[in-house]
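Overview (structure and organization)
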Amino acid sequence: MKIKDYVGIGIVMAAVAVAPKLVGNEYYLGVLIFAALNCLTCTGLCLLMGYAGQISIGHGAFIAVGAYTSAVLTTKLGWSPWTAMGCGVILAAGIAVFMGLPTMRLKGHYLAMATLGFASIIHIVAVAAVDVTGGPSGITGIPRLQLFGFVLNSDTRNFYFYWGIVVAGLLLAVNLIHSRVGRGLQAIHGSEDAAASLGVNIAVDKIKVLVLSAVYASISGSLYAHYVLFIDPGPFDVMHSVLLVTMVAVGGLHNIWGAFSGALLLSLLPEGLSFLSEYLQTFDIRYRTDYDTLIYGGILLLIMLFLPEGLFEGLSRLLKTVFSLRRKWGGGLARHAE
Amino acid sequence: MPNSILRLENLRKKFGGVVAVDDLNLVFNKGEVTALIGPNGAGKTTVFNLITGFVKPTAGTILFKDIRLNHKKPHAIAALGIGRTFQNVQVFSNMTVLENVMVGRHLRSRNGMLMSAFLPPMLRREENRIRASAQERLVLLGLDRYAHLPAGSLPLGNQRMLEIARALALEPTLLFLDEPASGLNARETMAMGELIHKIKSMNITVILVEHDMELVMDISDRVAVINFGRLIAQGTPKEVQLNPDVINAYLGT
Ligand SMILES: Nc1ncnc2c1ncn2[C@@H]1O[C@H](COP(=O)(O)OP(=O)(O)O)[C@@H](O)[C@H]1O
Ligand SMILES: [Mg+2]
């Protein structure tokens, strides 16, 4: 199990290494950078939802906290992006503790409701607190990141750096899953009572994993701000939080690779489908609608209907059945001969 | 004179209008197997939940050695060396059999989130120790050949065994078993009886709730009978069997 996870990380690293050469085009490199941000957030969200079994439908708010903290501190106070990012992390962690304290003592989906409320509040604050957030017109002039004197000023540099962070995030998550702490989280998901009876401090551990997932989201938000260099409240609405939950669920909650592949798929799928509208026009279908959105929804629906455990586990189960069927066919005669 | 390990003094629990446990006074002896019996709804599981911190007492005192357990959380009570199983089995079905037992070693190491995420090589030896001692428990309970199966895939009898293996991994001095033989067939019930003997021989005090009277009479040193949350009899299995109040309670006359 553990070895599989490290092999997975190896595969991701290899893919990251060759991707810019294969993609070439700056636009698609940008798409992959946005995908990296989603993968990072969803890795943290998967620890919270898939492993500890606690649902957050407002995780976009933690992304907003990171993005706005970075943007405000760097543009208005001239702080270094790294210090600002650290402040975002601390703020997001503090908010997570604040939300976790009352909700995590209770069984049931109080956290889901609290995070949803928090997401709407953050969006409203981003729109309304014009003096700080720039309101609907947002904040411009966010500086680029610098790393050991290198300015991350090309998409290739950004690509490598951002995906490097995704790999690091995956590695930390995998380490955690296979540790005492990770087993404690999975135990909480399996049965809170049984976990407590074995000495797992469920309230504290649930708050800790909420904080961890908020930190992942906040870093992803800061990285977003330093990539697009301009932020406004638009991307931080509640729908984005719902999309994050969908990514984790479509890929498969109970496996970090599920969440990862879900995030990757749903980040790339819209690009893959964007040709559809043009294609349909050549068939003289003039009715104006978002065909790509339609197909996108259809694909989600099919996955959830036929692979309810998520794309990752669903597909690996399918592959396993196919292989074992072939082995049965191939090995049938040999067994008879014995 | 055996010395006591656990005392319940005027213990009382009300759920709304229902008095589940009513002024219960009971002393459990160290090293013995005590059975708590009584009709359905008598309050046996509630007594377990009170002692292990899952419900808070309305009144009274729970004393483990000299420690008052009244306001302690379940995880803190586990840390005192008190283990338990559940009437409706609660294995972690999302984990393998071995991982279930490894959770039982949770309190035997202290490493937190940062250490686990950033420095896993430092923890390798400890992980190996945890895995080895979990494996030992599986061998003890004859579950080792299922080690890498998902716990949810085991039949009920093995799941009950797994719950006990997990609780034993805690290295408890006091172990609560809530209906360990319920849902088991005759052969599995016999194996459960042998296991409880084995646990007793490991110097673990066992308190169990059980409806299988043959099993109770076979393995218990003492039996306490409760009905409507009240103690109606206690003594050796023989004494209790002949007690007219007990016969009444069971026949409902
Ligand atoms: N958490 C609870 N909330 C409300 N009532 C409860 C709860 N737990 C037990 N009871 C009630 O307390 C009484 C004793 O239940 P229980 O301890 O489960 O009995 P037993 O284990 O002896 O069958 C029953 O009337 C039951 O309905
Ligand atoms: Mg009961």
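Each chain carries its own residue numbering, running from 1 in the written order of its sequence. The order in which chains are written sets their letters, starting at A; the order in which ligands are written sets their numbers, starting at 1. Given that this is a predicted model, residues contribute local features only at a pLDDT of at least 70 and side-chain atom pairs are listed and counted only at 80 or more, while totals for whole chains, interfaces and linings are drawn from all residues. To get the side-chain values, all heavy atoms of the structure are used, and hydrogens and water are removed first.

**Focus on the overall build of chain B**
Secondary structure elements are taken from DSSP: a helix is a run of H or I of four residues or more, a strand is a run of E of two residues or more, and numbering for both begins at the N terminus. Secondary structure assignment for chain B yields 10 helices and 10 strands. Just to be clear, the radius of gyration here is over C-alpha atoms, and the globule rule we use is 2.2 Å times residues to the power 0.38. The C-alpha atoms of chain B give a radius of gyration of 19 Å, which matches the 18 Å a tight globule of 253 residues would have. If you line up chain B on its principal axes, its C-alpha atoms span 65 × 40 × 40 Å. The proportion of buried residues among the 253 residues of chain B is 53%. Residues are treated as being in contact if the distance between any of their heavy atoms lies within 4.5 Å. Contacts in chain B between residues at least 24 apart in sequence constitute 67% of all its contacts with a sequence separation of at least 6. Accessible surface is estimated by sampling points in the Shrake-Rupley manner with a 1.4 Å probe; for residues, cover comes only from the protein chains shown. Surface summary for chain B: the accessible area is close to 11500 Å², and the carbon and sulfur share equals 53%. The convention is simple: Lys and Arg are positive, Asp and Glu are negative, and His and the chain ends are not counted. A charged residue contributes its charge at one atom only: NZ of Lys, CZ of Arg, CG of Asp or CD of Glu. Taking the average place of the 29 positive charges on the side chains of chain B and the average place of its 23 negative ones, the gap between the two points comes to 8 Å. Using a 1.4 Å probe on the protein chains alone, a residue whose accessible area is under 20% of its type maximum counts as buried, one over 50% counts as exposed, and one in between counts as partly exposed.

**Thoughts on helix 8 (residues 180-190) of chain A**
Residues and elements named next belong to chain A. With nine of 11 residues buried, helix 8 is to be regarded as a mostly interior element. For helix 8, the complete set of buried residues consists of Arg180, Val181, Gly182, Arg183, Gly184, Leu185, Gln186, Ala187 and Ile188. Structurally, the start of helix 8 carries an N-cap: the backbone nitrogen of valine 181 is 3.2 Å from a side-chain oxygen of serine 179. Residues adjacent in sequence count toward polar contacts only when both atoms are side-chain atoms; beyond that, a polar contact is any pair of N or O atoms within 3.5 Å, and within protein one must be able to donate a hydrogen and the other to accept it.

**Observations concerning the packing of helix 4 (residues 81-103) of chain A against helix 10 (residues 202-228) of chain A**
All names here are of chain A. Angles run from 0 to 180 degrees between N-to-C directions of axes, and those axes are lines fitted to C-alpha atoms, restricted for helices to the stretch in contact. As a packed pair, helix 4 and helix 10 sit with axes 8 Å apart at the nearest point and diverge in direction by 145 degrees. By crossing handedness, the relation of helix 4 to helix 10 is classed as right-handed. The residues of helix 10 that touch helix 4, namely those facing Pro81, Met85, Gly88, Val89, Ala92, Ala93, Ala96, Val97, Gly100 and Leu101, are Ile207, Leu210, Val211, Ala214, Val215, Ser218, Ile219, Ser222, Leu223 and His226. It is the rotation of the near helix from the far one that decides the hand of a crossing: anticlockwise by less than a right angle makes it left-handed, clockwise makes it right-handed.

**Section: the site of ligand 1**
All names here are of chain B. In these notes, residues near a molecule or strand are those with any non-hydrogen atom within 4 Å of it. Near ligand 1 the following residues occur: Phe15, Val18, Ala20, Pro39, Asn40, Gly41, Ala42, Gly43, Lys44, Thr45 and Thr46. Contact between ligand 1 and glycine 43: an oxygen atom at 2.9 Å from a main-chain N or O atom of the residue. Expressed as a share of its isolated accessible area of 560 Å², the protein-covered part of ligand 1 is 60%. Taken together, the elements giving at least two residues each to the shell around ligand 1 come down to strand 2 (18-29) and helix 1 (44-51). Here the residues of the shell around ligand 1 sort into five nonpolar, five polar and one charged. Gly is placed with the polar residues, together with every amino acid not listed as nonpolar (Ala, Val, Leu, Ile, Met, Phe, Trp, Tyr, Cys and Pro) or charged (Asp, Glu, Lys and Arg).

**Overview of the pattern of salt bridges**
All names here are of chain B. Salt bridge criterion: a side-chain nitrogen from Lys or Arg within 4 Å of a carboxyl oxygen from Asp or Glu. What the rule picks out here adds up to 10 salt bridges over all chains. In this structure, arginine 137 and glutamate 171 form a salt bridge, with 3.7 Å as the shortest nitrogen-oxygen distance. You can see arginine 137 sitting in helix 5 (residues 124-140) and its partner glutamate 171 sitting in the loop between helix 6 (156-169) and strand 7 (174-178), a full 34 residues away along the chain.

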